[in-house]
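One letter stands for each residue in the lines below.
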Amino acid sequence: MKFSIFASCICLCLFTACSSTFNPKQTYSVQQIQDDFNLMQRALLESHPGIYRYSSPDTIQWIFNKTAQQLTHPMTEREFRRTVNPIFSYIRCGHTDIYPSKQYTKYIKKNKPKEFPLSVFWADNQLRITQNRTKDSTLAVGGEITRMDGRPIEKIMKEMWDLIPSDGYNQTFKISVANTNFGSFYRYLYGNDSTFTVTVKDSLGKSRNLKISFTAPPKPTKKNVPTPVGAPKPNTVPS
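Presented here is a report on the structure given in the accompanying data block.

## Things to note about the packing of helix α1 (residues 30-47) against helix α2 (residues 57-68)
(1) Moving on: Running from N to C, α1 and α2 cross one another at 170°; their axes reach a closest spacing of 11 Å. Relative to α2, α1 is oriented roughly antiparallel. Counting all contacts with α1, which are made through Phe 37, Gln 41, Leu 44 and Leu 45, the residues of α2 involved are Ile 60, Gln 61, Phe 64, Thr 67 and Ala 68.
(2) Moving on: Its residues placed into classes, the contact of α1 with α2 shows 6 nonpolar, 3 polar and no charged.

## Side note on the pairing of strand β9 (residues 207-213)
(1) Moving on: Where strand β8 (residues 195-201) meets β9, 7 bridges bridge the pair, whose relative direction is antiparallel. If you follow Thr 199 over to β9, its bridge partner there is Asn 209.
(2) Moving on: Linkage of β8 to β9, two consecutive antiparallel strands, is achieved through a turn of 5 residues, within which Gly 205 is found at a positive phi near 85°.

## Things to note about the packing of aromatic side chains
(1) Moving on: A complete count under the given rule lists 13 aromatic pairs for this structure.
(2) Moving on: Between Phe 116 and Phe 214 the ring centres are 5.8 Å apart and the planes differ by 65°, which places this aromatic pair in the edge-to-face class. A residue pair is termed long-range when its members are at least 10 positions apart, and Phe 116 in the loop between α5 (102-110) and β4 (118-123) and Phe 214 in the segment after β9 qualify at 98 residues.
(3) Moving on: Its relative accessible area of 7% is what places Phe 116 among the buried residues.
(4) Moving on: Of the residues examined, Phe 214 reaches a relative accessible area of 5% and is grouped as buried.
(5) Moving on: Site record: aromatic cluster; members linked through ring pairs are Phe 116, Phe 182, Tyr 186, Tyr 190, Phe 196 and Phe 214.
(6) Moving on: Geometry around Tyr 104 places Arg 81 over its ring, the cationic atom sitting 4.8 Å from the centre.
(7) Moving on: The ring of Tyr 190 carries Arg 151 above its face, with NZ or CZ at 3.7 Å from the centroid.

Calculation criteria
Residues numbered from 1 in each chain as written. Predicted model: local features only at pLDDT ≥ 70, side-chain atom pairs only at ≥ 80, totals over all residues. Heavy atoms only, no water. Axes fitted to C-alpha atoms, helices over the stretch in contact; angles between N-to-C directions. Helix = DSSP H or I, 4+ residues; strand = E, 2+ residues; numbered from the N terminus. Parallel < 35°, antiparallel > 145°, perpendicular 65-115°, else oblique. Contact = heavy atoms within 4.5 Å. Nonpolar A, V, L, I, M, F, W, Y, C, P; charged D, E, K, R; others polar. Pairing = 2+ DSSP bridges. Phe/Tyr/Trp six-rings, centres within 6.5 Å; stacked < 30°, edge-to-face > 60°. Buried < 20%, exposed > 50% of the residue type's maximum accessible area, 1.4 Å probe, protein only. Lys NZ or Arg CZ within 6 Å of the ring centre and 35° of its normal.

Put into structure tokens, the structure is as follows:
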């Protein structure tokens, strides 16, 4: 496995095993993921100039220990990144994040994942639908999503924010990123890429459950392929 940490303008590459043909479902042994984790921990502790600026040494050591205790079974690259990702939220540095491996990134570019068919917006402790791209016309814009696959939406949002690093205790950035990339974070958190059940409350307070499918990504055209502008930004969207 090879992935990168973007830490205060320092790019650190961690290695375990790489192959010319990438398989996103390939699992890495407990020894491999623990070795990568130990290397990542040493790199952050030795190289990050402000690792204790917003979190105490005890807090940082606590999140390292808590994460290490979860590395007890073989994992895919995405599962490993998902497990260690919250560490970067505790460092509270918006320029410190973890990237997928180059092989994983190339694979995703060639094999676009299905898209989440709703646009949503979190405000006033509610998640509202702002765009409906499903074939169900009864799913109205403005409806409030209260649960997904049985999970309370407050729990889902909290877990998303734990994956998004920001400077200090800034929450506005976390909310903005989660709003814009809700579907990607949902798939990253729970591994769901086919169908999901959503509980929606309408303007009259009536709730109902709907089963919705992820949709195939649009075929790229010259019109919807963006032109790269400026320098790359720290990673905030999971793959």
